[in-house]
Amino acid sequence: MEHSTSTSDMARERGNEPTKKMKLALLLISAAILILGNSGGPLLLRLYFVRGGTRLWFSSWLETGGWPFMFIPLAVSYFYRRRTSNDHLQTKLFFITPRLFLASAFLGILTGLDDYMYAYGSSYLPVSTSSLLISTQLMFNAIFAFFVVKQKFTSYSINSVFLLTLGAVVLGLHTGGDRPANETHLQYIKGFVMTIGAALLYGLVLPLIELAYMKARQEITYTLVIEMQMVMSFFATAFCTVGMLINHDFQAISREAYEFELGPVKYYMVVVFSAIIWQCFFLGMVGVVSSSSSLHAGVIIAAFIPVTEVLGVIFFHEKFSAEKGVSLALSLWGFASYLYGEKKKMAKDQKQIIQKTELVKETELA
């Protein structure tokens with residue numbers, strides 16, 4: 001009975017996404033959520049540091065601390081399945097298996113480490129600089145995706161990776177030129193190195209998530225994807241919580257809120273919205289990976305770095321150097337190249353499907 005109920009639940013879940021149009025809609029929605037988190041998260045994190053925040057582990061914790069918000073879409077999915085089920089009492093609460101739970105927990109710990117490295121870099125670098133450095137994750141993503149999930153490349157995707165990575169290299173040639181006045185050269189270099197390290201680590205995490213989907217031995221539905229992301233975020237948060245306990249961050253939060261330049265109320269607003277916006281990033285990211293590929297998610301993250309760069313210049317009055325302008329142009333060019341390549345690939349795949357369908361019909365008629 002339990003097995004049949006599980007099959008029934010999975011069948012209803014499949015019924016929610018039976019067409020290519022639904023999959024495309026899910027991809028577009030996930031991409032939009034990813035873009036929101038990818039642009040808003042770094043800005044709020046930099047605002048925290050610029051206005052007096054100093055707690056590295058706490059700022060890292062905020063990047064995944066909003067994991068309870070995942071219960072909202074999970075609850076909607078559960079009650080929908082319960083409403084459409086013939087036996088309400090047998091509706092499964094969750095689909096994640098022990099195998100996927102352990103994989104998600106491991107990926108969550110890696111994500112927690114990546115959160116700390118990224119927060120460390122953001123504490124010293126202007127958001128426009130750190131965001132462009134993070135775009136190098138596409139290069140690492142492409143390399144790891146090739147070895148981990150046997151990612152196939154086209155000339156357009158290779159060109160996209162090259163252009164987006166070149167943009168970050170151009171920026172690196174101007175190292176220190178936009179160093180904040182109150183920071184030493186050593187602090188700036190540390191921030192630079194830690195941000196590159198964060199890009200490298202997350203470039204590995206994305207293909208590993210895709211590998212977990214491939215090795216799951218069950219259908220990857222969007223509900224299951226959200227469950228896995230919630231487990232990842234929980235363990236990432238737990239990892240950062242240990243750091244907060246060791247560093248006595250919990251005792252310092254109330255004092256830091258009182259000393260925050262914008263006042264205690266806005267301090268807590270920054271904290272809460274940071275947690276929410278960062279969850280948008282992770283939720284959108286896993287949605288894109290499950291609907292397309294880890295490389296696609298990496299391209300979206302890298303391609304919209306210029307948006308964060310421009311917003312950093314507007315809100316924090318950061319310098320917009322010639323190197324940043326060149327990096328911006330290369331990023332946009334690289335994204336356009338990737339989109340064009342994907343369009344041609346989809347057209348080719350559609351043509352092959354039509355040819356196979358016609359061949360089957362001819363065989364049946366014969």
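An unreviewed UniProt entry lists the chain under the name Probable purine permease, from Aristolochia fimbriata.

### Things to note about the overall build of the chain
On a plain count of helices and strands, the chain comes out with 15 helices and 0 strands. Across the chain, every contact between residues at least 6 apart in sequence was considered, and the portion connecting residues at least 24 apart equals 85%. Surface accessibility of the chain: about 18000 Å² in total, with carbon and sulfur atoms responsible for 69%.

### Observations regarding the pattern of salt bridges
One pass over the structure, following the stated rule, counts 2 salt bridges. Across the pair Glu261 and Arg51 runs a salt bridge whose closest N-O atoms are separated by 3.2 Å. With Glu261 in the loop between α11 (249-259) and α12 (264-291) and Arg51 in the loop between α2 (20-50) and α3 (56-62), this residue pair connects regions lying 210 residues apart in the sequence. Residue classification places Arg51 among the partly exposed positions, given a relative accessible area of 33%.

### Let's talk about helix α10 (residues 222-247)
Between its first and last C-alpha atoms α10 spans 37 Å; for 26 residues at 1.5 Å apiece the expected length is 38 Å, and the two agree. Note on α10: the residue one or two positions beyond its end, His248, has a positive phi of about 60°.

### Thoughts on the side chain of Gln137
For Gln137, the location among the structural elements is in helix α7 (residues 137-148). Not counting chain neighbours up to four residues away, the residues in contact with Gln137 comprise Ala199, Tyr202, Gly203, Leu206, Gly298 and Ile301.

### What to know about helix α13 (residues 294-303)
Counted residue by residue, α13 has 10 buried out of 10 residues, so it is predominantly covered. By the burial criterion, the buried members of α13 are Ser294, Leu295, His296, Ala297, Gly298, Val299, Ile300, Ile301, Ala302 and Ala303.

### Details of a nonpolar patch on the surface
On the surface, a cluster of nonpolar side chains totalling about 390 Å² of accessible area is made up of Val310, Ile314, Phe315 and Phe320. With respect to the secondary-structure elements, Val310 resides in helix α14 (residues 305-316).

### Notes on the nonpolar core
Counting residues in hydrophobic clusters, the biggest one holds 71 residues, and the most contacted among them are Phe58, Ile209, Tyr267 and Met285. Among the elements that line this core, the one with the most residues is α12, at 12 residues. Non-local contacts of Met285, meaning those with residues more than four positions away in its chain, are made with Leu34, Tyr202, Leu206, Ile209, Gln229 and Ala297. Listed in part, the 10 residues of the second largest apolar core include Leu138, Ala142, Val299 and Phe335.

### Digging into the packing of helix α5 (residues 98-124) against helix α9 (residues 185-214)
Each packed pair of helices is defined by two parameters, the angle between the axes and the distance between the axes. Packing of α5 against α9 brings their axes to within 7 Å, and their N-to-C directions diverge by 160°. One finds that α5 runs roughly antiparallel with respect to α9. Of the two elements, α5 crosses α9, and the hand of that crossing is left-handed. Residues of the contact of α5 with α9, tallied by class, amount to 18 nonpolar, 6 polar and 2 charged.

### Observations regarding the packing of α7 against α9
α9 packs onto α7 with a crossing angle of 35° between their chain directions and a minimal axis gap of 8 Å. Read as a crossing pair, α7 and α9 show a hand that is right-handed. Contact residues: α7 offers Gln137, Phe140, Asn141, Phe144, Ala145 and Val148, while α9 offers Ile196, Ala199, Leu200, Tyr202, Gly203, Leu204, Leu206, Pro207, Leu208 and Leu211. Residue composition of the contact of α7 with α9, by class: 13 nonpolar, 3 polar and no charged.

### Here's the deal with the confidence of the model for the chain
Residue-level pLDDT values for the chain average 82, and 89% of them are 70 or greater. Summarising per-element confidence for the chain, the mean pLDDT is lowest in helix α1 (residues 2-15) (46) and highest in α3 (96). When the criterion is pLDDT under 50, residues 1-8 qualifies, and its contacts beyond four places in sequence or with other chains add up to 3 contacts. Predicted confidence for residues 10-18 stays below pLDDT 50, and this span has 20 contacts to residues more than four positions away or in other chains.

### Some details on the packing of aromatic side chains
Throughout the structure, instances matching the rule amount to 21 aromatic pairs. Relative to Trp278, the ring of Tyr118 lies with its centre 5.9 Å away and its plane at 80°, an arrangement referred to as edge-to-face. With a gap of 160 residues between them, Tyr118 in helix α5 and Trp278 in helix α12 connect regions that are remote in the sequence. Classification of Tyr118 by relative accessible area gives buried; the value is 7%. The exposure class of Trp278 is buried, given its relative accessible area of 6%. Here the aromatic rings of Tyr202 and Phe281 are separated by 6.1 Å at their centres, their planes lie at 40°, and the arrangement is tilted.

### Describing the side chain of Thr237
Mapped onto the elements, Thr237 comes out in helix α10. Of the residues examined, Thr237 reaches a relative accessible area of 5% and is grouped as buried. Side-chain polar atoms of Thr237 contact the side chain of Thr64, separated by 2.9 Å. With near-sequence residues (within four places) excluded, Thr237 lies in contact with Trp61, Thr64, Gly65 and Trp67.

### Brief notes about the environment of Ile300
When you line up the elements, Ile300 lands in helix α13. Considering only alpha carbons, one finds Ile300 and Val288, 12 residues apart in sequence, at a separation of 9.2 Å. The contacts of Ile300, once residues within four sequence positions are left out, are Ala31, Leu34, Ile35, Asn38 and Val288.

Thresholds applied
Residues numbered from 1 in each chain as written. Predicted model: local features only at pLDDT ≥ 70, side-chain atom pairs only at ≥ 80, totals over all residues. Heavy atoms only, no water. Helix = DSSP H or I, 4+ residues; strand = E, 2+ residues; numbered from the N terminus. Contact = heavy atoms within 4.5 Å. Areas by Shrake-Rupley, 256 points an atom, 1.4 Å probe, with all protein chains shown as cover. Salt bridge = Lys/Arg side-chain N within 4 Å of Asp/Glu carboxyl O. Buried < 20%, exposed > 50% of the residue type's maximum accessible area, 1.4 Å probe, protein only. Expected span 1.5 Å × (residues − 1). Patch = residues over 30% accessible without salt bridge, like charges linked within 9 Å, V, L, I, M, F, W, Y side chains within 5 Å. Core = buried A, V, L, I, M, F, W, Y, C linked by side-chain atoms within 4.5 Å. Axes fitted to C-alpha atoms, helices over the stretch in contact; angles between N-to-C directions. Parallel < 35°, antiparallel > 145°, perpendicular 65-115°, else oblique. Left-handed = near helix turned anticlockwise from the far one by under 90°. Nonpolar A, V, L, I, M, F, W, Y, C, P; charged D, E, K, R; others polar. pLDDT = per-residue confidence, 0-100. Phe/Tyr/Trp six-rings, centres within 6.5 Å; stacked < 30°, edge-to-face > 60°. Polar contact = N/O pair within 3.5 Å; in protein donor to acceptor, adjacent residues only side chain to side chain.

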